Amino acid sequence: MRNEAPNLPIGAVAALATPEIHAPLPTKDATNRKNMVLLIQLRWIAVVGQIVTIAFVTSWFGIALPVVPMAAIICALVALNIASHVWLRTRDDVGNRDLLIALMLDVVALTSELYLTGGASNPFTCLYLLQVTLGAVLLDARSSWSLVALTVLSFIWLTIEYRPLELPHRHVSDPFSLHVTGMFVGFVLDAVLLVVFVTRINRNLRERDAKLADLRQHAAEQDHIIRMGLLASGAAHELGTPLASISVILNDWRRMTAISADPALAEDFTEMEAAVQRCKSIVTDILVSAGQARGEGSAPTTLKAFLSNLVAEWSAARSARNLMFRNEFGSDPAIVSDVALKQAIVNVLDNAFEVSREWVEFVAERDGDQLLLSVSDRGPGFDPAMLAQLGRPYQSSKGRPGRGLGLFLVVNVIRKLGGGVSAWNHRGRGATVRLSLPLSMLAIGEPSGD
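Definitions and cut-offs
- Residues numbered from 1 in each chain as written.
- Predicted model: local features only at pLDDT ≥ 70, side-chain atom pairs only at ≥ 80, totals over all residues.
- Heavy atoms only, no water.
- UniProt positions renumbered as here; feature names shortened; annotations may be inferred.
- Core = buried A, V, L, I, M, F, W, Y, C linked by side-chain atoms within 4.5 Å.
- Buried < 20%, exposed > 50% of the residue type's maximum accessible area, 1.4 Å probe, protein only.
- Helix = DSSP H or I, 4+ residues; strand = E, 2+ residues; numbered from the N terminus.
- Contact = heavy atoms within 4.5 Å.
- Pairing = 2+ DSSP bridges.
- Axes fitted to C-alpha atoms, helices over the stretch in contact; angles between N-to-C directions.
- pLDDT = per-residue confidence, 0-100.
- Salt bridge = Lys/Arg side-chain N within 4 Å of Asp/Glu carboxyl O.
- Phe/Tyr/Trp six-rings, centres within 6.5 Å; stacked < 30°, edge-to-face > 60°.
- Patch = residues over 30% accessible without salt bridge, like charges linked within 9 Å, V, L, I, M, F, W, Y side chains within 5 Å.
- Areas by Shrake-Rupley, 256 points an atom, 1.4 Å probe, with all protein chains shown as cover.
- Parallel < 35°, antiparallel > 145°, perpendicular 65-115°, else oblique.
- Left-handed = near helix turned anticlockwise from the far one by under 90°.
- Nonpolar A, V, L, I, M, F, W, Y, C, P; charged D, E, K, R; others polar.

With an unreviewed UniProt entry as reference, the protein is termed histidine kinase, source organism Bradyrhizobium denitrificans. Database annotation for the protein, UniProt heading Catalytic activity (unreviewed entry): "ATP + protein L-histidine = ADP + protein N-phospho-L-histidine."

Okay, structure coming up:
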């Protein structure tokens, strides 16, 4: 089972712990817009259904219908749908009130058609339930009850005011059979339309809920990063004094005759001083990163120089001789040397080096306008559960408190730069972690093609 590196990119934590990481939450809800499109589609179905029904009833049953006023209502529905399409193109968001108005207009149109075709005795009054059900799914409680009240009042009005149907002689003796036939057709229409449209509406609502859950998870992760950044900055301030004291003591001891005269001790002291200087450099990077937004203090460089220097520094600091670096990007665009990106790449390399000290491969490639950085190893690979939760904090197999933050921080650094992180296991042994970054976020000027 693959472990994450214990060396967390603390400077990246401090760099991330700035107000700019909080991307604004979307203020527009696309779900209502999708649902309005469904209502428009339902209205087109109603238009076609009414035309077919009028033609069938007049030709098959021989029932005389007021075709002209019914055609006027159908034309009004067509005009309403065309206006709705135009209106929807000019609006970025659709509110509860808009959906309520659309459903109420549909109820008015249905009531008008029923008024012309027998009123409450028309078996297609069951289509009121379709409007009520859609309202219960789409609207808030107050609007839903408003729609219920409108349909009830419409039904009551149809029992009082309506235009009676003139049945042909063959149906006058047995009107109930004709009514049952109409009820059956109305029931089938109601059931089919309910299943089709409620299913699609529920799918829209599930997509909205999933998006809101992702936004909440993202906000929680950003809050977690801020708290980690504050702790990192505080720790850096606290470590500054003892590191300075150790540096002074080592410098004094080096001047002692007993130590300077012993080559082995002198070499050990040189290594200790180098380690202290590296710690002081890390502390300085943390403090600088915590107080600067991206771009401040970053130096212009080229992609080739940035990657080559990173590989050289990483290899020297870890005495790693088995890192295979291949730059297959092609061109050498000018970029900004981003501190957080550098530390994210270092963390992925550390992770691979910990489980595969004999071989680590680092490849830079180009895919259109994307920079692809892939780190491969011959370790045991990722646990499937970790791959499923890639980028979530504390997803680690080490079983000790505080582990599992490496890839979490890497994912957030890359996401801040507009990119993404993916990982997969090899068929035999080993794994690959790929960082995908848009060149526009790194390049100075427009990135040129090969």
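So that's the structure; there's more coming.
Proteins that are soluble and globular tend to have nonpolar side chains buried together. Ile345, Leu349, Phe362 and Leu373 are the most contacted members of the largest nonpolar core, which totals 38 residues. At the level of secondary structure, the elements contributing two or more residues to this core comprise helix H11 (303-318), helix H12 (339-355), strand E4 (360-367), strand E5 (370-377), helix H14 (406-416) and strand E7 (431-438). Broken down by element, this core gets its largest block of residues, nine residues, from H12. If sequence neighbours within four positions are ignored, Leu373 has contacts with Leu307, Ile345, Phe362, Val363, Ala364, Val433, Arg434, Leu435 and Leu437. Within the second largest apolar cluster, 28 residues are counted, among which are Leu38, Ala102, Val107 and Leu138.

A few words on the sheet that holds E7. Pairing in this open sheet of five strands is mixed, and the strands run E2-E4-E5-E7-E6 from one edge to the other. Each end of this open sheet is capped by a strand with a single partner; those strands are strand E2 (323-327) and strand E6 (420-425). Here the strands of the sheet are splayed against their neighbours by 15 degrees on average, with no regard to which way each runs. Of the pairings in the sheet, the one linking E2 to E4 comprises five bridges and is parallel in character.

This part covers the pairing of E5. Moving residue by residue along a regular strand, the side chains alternate between the two faces of the sheet. For E5, the buried fraction is high: seven of the eight residues fall into the buried class. By the bridge criterion, eight bridges tie E4 to E5 in an arrangement that is antiparallel. Bridging from a neighbouring strand, Asp367 pairs with Gln370 of E5. Hairpin geometry of E4 and E5 is characterised by an intervening segment of two residues between the two adjacent antiparallel strands and by a positive phi of about 70 degrees at Gly368. With eight bridges connecting them, E5 and E7 associate as antiparallel partners. Bridge assignment links Val375 to a residue of E7, and that residue is Val433.

Feature annotation in UniProt places "transmembrane region" (unreviewed entry) on residues 42-61, 67-87, 146-164 and 176-198, given in this structure's numbering. End-to-end, the C-alpha atoms of residues 67-87 are 30 Å apart, and along that stretch the chain is 100% helix and 0% strand. For residues 146-164, the helix share is 79%, the strand share is 0%, and the end-to-end C-alpha distance is 29 Å.

This part is about the confidence of the model for the protein. A residue-level look at the protein finds 76% of positions with pLDDT of 70 or above and a mean pLDDT of 77. Low pLDDT (under 50) marks residues 1-28, which in the prediction has 93 contacts with non-local residues, meaning those over four places away or in another chain. Across residues 399-403 the pLDDT falls below 50, and counting only partners more than four positions away or on other chains, this stretch makes five contacts in the model.

Enumeration over the complete set of coordinates arrives at six salt bridges. Of the charged contacts, one joins Asp106 and Arg43 as a salt bridge, the two residues approaching to 2.7 Å between their closest N and O atoms. Highlighted residues: Asp106 in helix H4 (residues 96-116) and Arg43 in helix H2 (residues 30-61), separated in sequence by 63 residues. Taking relative accessible area as the criterion, Arg43 reaches 3% and is therefore assigned buried. In this structure, Glu365 and Arg434 form a salt bridge, with 3.6 Å as the shortest nitrogen-oxygen distance. Separated by 69 residues along the polypeptide, Glu365 in strand E4 and Arg434 in strand E7 bring together distant segments of the chain. Here Glu365 falls in the partly exposed class, since its relative accessible area comes to 24%. Salt bridges sharing common partners tie together Arg326, Glu328 and Glu361.

Next up on the list: the packing of aromatic side chains. Under the definition given, this model contains three aromatic pairs. Ring geometry for Tyr115 and Trp157: centres 5.3 Å apart, planes at 25 degrees, overall stacked. Of this pair, Tyr115 sits in helix H4 while Trp157 sits in helix H6 (residues 141-160), and the two are 42 residues apart along the sequence. Summarising the aromatic geometry, the rings of Trp314 and Phe353 are spaced 5.4 Å apart at their centres and angled 85 degrees between planes, so their arrangement reads as edge-to-face. You can see Trp314 sitting in helix H11 and its partner Phe353 sitting in helix H12, a full 39 residues away along the chain.

Next up on the list: the side chain of Asp377. Inspection of the secondary structure assignment puts Asp377 in strand E5. On the basis of relative accessibility, which here comes to 1%, the residue Asp377 falls in the buried class.

So, about the side chain of Thr151. Here Thr151 is to be found in helix H6. Discounting chain neighbours no more than four positions away, the residues touching Thr151 are Val107, Tyr128 and Val132.

Looking now at a nonpolar patch on the surface. On the surface, a cluster of nonpolar side chains totalling about 610 Å² of accessible area is made up of Phe184, Val185, Phe187, Val188, Leu189, Val192 and Val196. Mapped onto the secondary structure, Val188 falls in helix H8 (residues 175-254).

Relative orientation of the contacting elements H11 and H12 amounts to 45 degrees, with a least axis distance of 11 Å. With respect to their mutual orientation, H11 and H12 come out oblique. Between H11 and H12 lies a crossing whose hand is right-handed. In this structure, H11 contributes Phe306, Leu310, Glu313, Trp314 and Arg318 to the contact, and H12 contributes Leu341, Lys342, Ile345, Val346, Leu349, Asp350 and Phe353. Residue composition of the contact of H11 with H12, grouped by class: eight nonpolar, no polar and four charged.

This next bit is on the environment of Val94. If you trace the backbone, Val94 turns up in the loop between helix H3 (67-89) and H4. Residue classification places Val94 among the buried residues on the basis of a relative accessible area of 3%. Sequence separation of Val94 and Ala30 is 64 residues, and the distance between their C-alpha atoms is 7.7 Å. When near neighbours in sequence (up to four residues on either side) are disregarded, Val94 contacts Asn32, Arg33, Met36, Trp87, Leu88 and Leu99.

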